[in-house]
Amino acid sequence: VRRIGILTSGGDSPGMNAAIRAVTKVGLNSGLEVFGIYNGYKGMVEGYIEPMTRETIREIVNRGGTILGSARLPEFKDEEVRRKAIHQLGKRGIEAVVVIGGDGSYRGALSLTEMGINCIGLPGTIDNDITCTDFTIGFHTALETVVDAIDKLRDTSNSHHRCSIVEVMGNRCGDLALWSGIASGADMIVTSETGFDENDVLDRLRDLDIIRKKKHAIVVISEKITDVDQFAKKVTLNTGFSGRATVLGHIQRGGSPCPYDRMLASQMGEKAVDLLMQGIGGHCVCIRDNKIVSYPIEKALSMPAESRKPLQNLFERLV
Ligand code: ADP
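Since the model is a prediction, treat every value here as computed from it, not as a measurement. Counting restarts for each chain, with residues numbered from 1 along the sequence as it is written. This being a predicted model, a pLDDT of at least 70 is required before a residue's local features are given, and a value of 80 or more before pairs of side-chain atoms are given or counted; all residues contribute to the totals for chains, interfaces and linings.

## Things to note about helix 5 (residues 139–159)
Move 1: Each helix corresponds to a stretch of at least 4 residues labelled H or I by DSSP, and each strand to a stretch of at least 2 residues labelled E; elements are numbered beginning at the N terminus. In a helix, the anticipated span is given by 1.5 Å times the number of residues less one. Over its 21 residues, helix 5 runs 31 Å from end to end, which matches the ideal 30 Å to within 8%, given 1.5 Å per residue.
Move 2: Within helix 5, burial applies to Phe139, His140, Thr141, Ala142, Leu143, Glu144, Thr145, Val146, Ile150, Leu153 and Ser157.
Move 3: For helix 5, the secondary structure elements touched by its buried residues are strand 6 (162–168), helix 6 (175–184), strand 8 (217–222), strand 9 (242–247) and helix 9 (259–277). Exposed residues have 12 or fewer other C-beta atoms within 10 Å of their own C-beta, buried residues have 20 or more, and partly exposed residues fall in between, where C-beta atoms are placed from the backbone. For the purpose of contact definition, each residue receives a C-beta atom placed from its backbone, and two residues are in contact when these atoms lie within 7 Å.

## Quick look at the confidence of the model for the protein
Move 1: Here pLDDT means the predictor's own confidence in every residue, given as a number from 0 to 100. Averaged over all residues, the pLDDT of the protein is 97; the fraction at 70 or higher stands at 100%.
Move 2: In the predicted complex, the global pTM is 0.96; the interface-specific ipTM is 0.98.

## A few points about unusual backbone geometry
Move 1: Backbone geometry at Asn128 places phi at a positive 55°, although glycine is not the residue there.
Move 2: Looking at Asn128, the number of C-beta atoms within 10 Å reads 25, which means it is buried.
Move 3: One non-glycine residue, Asp289, lies in positive phi territory at about 50°.
Move 4: In this structure, Asp289 sits in the loop between strand 10 (283–288) and strand 11 (291–296).

## Remarks on the sheet that holds strand 11
Move 1: We call two strands paired when DSSP finds no fewer than two bridges between them. The strand order 3-2-1-4-5-10-11 describes an open sheet built from 7 strands, whose pairing is mixed. Each edge of the sheet is formed by a strand with only one pairing partner; in this case those strands are strand 3 (49–51) and strand 11. Across this sheet, the average inter-strand angle for adjacent strands is 25°, counted without regard to direction.
Move 2: Relative to strand 2 (residues 33–37), strand 1 (residues 3–8) runs parallel, the two sharing 4 bridges. Residue pairing across strands places Arg3 opposite Glu33, the latter belonging to strand 2.
Move 3: Helix-sheet contacts for helix 4 (residues 103–114) involve strand 4 (96–101), strand 5 (118–123) and strand 10, and the interaxial angle to strand 5 is about 165°. With axes taken as lines fitted to C-alpha atoms, and helix axes fitted only over the stretch in contact, angles between N-to-C directions fall between 0 and 180 degrees.

## Here we look at helix 8 (residues 228–238)
Note that an α-helix has 3.6 residues per turn; residues three or four places apart therefore point the same way.
Move 1: Every buried residue belonging to helix 8 is among Val228, Phe231, Ala232 and Val235, and all of these are buried. Within helix 8, the buried residues cover an arc of 105° as seen down the axis, which keeps them to one side. Summarising the geometry of helix 8, the exposed residues directed more than 90 degrees from the buried face are Gln230 and Leu237.
Move 2: For helix 8, the elements touching its buried residues are strand 6, helix 7 (198–210), strand 8 and strand 9. Directions drawn from the helix axis to the C-beta atoms are what define this arc.

## Structural notes on the nonpolar core
Move 1: By our criterion, buried Ala, Val, Leu, Ile, Met, Phe, Trp, Tyr and Cys residues that link up through C-beta atoms within 7 Å make up a nonpolar core. If you look at the biggest cluster of nonpolar residues, it comprises 53 residues, and the most contacted ones within it are Ile4, Ile6, Ala19, Val23, Val97, Val98 and Ala272.
Move 2: Top contributing element to this core by residue count: helix 9, with 7 residues.
Move 3: With sequence-adjacent residues up to four places away left out, Ala19 is seen in contact with Ile100, Leu122, Gly124, Ile137, Ala265, Met268 and Gly269.

Quick look at the structure:
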């Protein structure tokens, strides 16, 4: 392989730029030509593809977002559309591509590989919802953002006998809620794994107020579980706390990547280039037990989610 492409796809995450930089530098230093494909698969189909140089990636290791832009292109599931993309790559002699994104992007990478373009996936998402890897690029930065926000909410809810209900991202993966809840000393954590029993949460809040005489309470809840504004009203009506919902939203996706995410992105970027140079495609890079490894995408996508029980148990012992 002599020419490789790189793109970012799906939701963005802090650390994607560090991964772009690593792939570009390791590629150039290995004698490859590297091309940036802008706006994910959309730019691949449209031919929005430019050479990556040392200038393109200067001073991006610390920047959030992605300099290549990201987009969604549902039509990429059609073979005809992918054929157009492959034609654009062919015109430039690009034989292989690194795809940074989530599991949807991995599916696109796998179909491209099956059509002759070797692709390697890197896990770029704050949600930590790719089961084959212990961590995704961006998770630790988002965790810092969430913990910082909860620390601030704690100050103000303390002064007003409030219960803060904090909705965090995760796309049905409870890690961001669980980790931030433990790290910030939350009183309750609700995820798709714990389930949501509204009356149970209200009971426990009354307990915190009346028995434990707490001045405030913090409930961390994953997105897509309930309407937190409605729930905050119920807290006000049914407990001694005044309920306030805070939806952290896209703030969680932004910011300068923390050192861990920069390291992870650099190690994974290096691995992706090495795999492509070995002629391997259709794999995704993971970190497992602190080792950088790769798995066939098909196998990775069908891995069962690891149980979060040990961390949930820890949380229960900390309340
Ligand atoms: P994420 O990668 O963060 O999970 P999406 O699920 O939106 O985000 O996927 C990103 C893009 O990957 C989609 O817009 C589409 O272009 C491509 N994609 C998703 N699923 C498939 C699929 N089954 N086959 C081909 N391409 C896909």
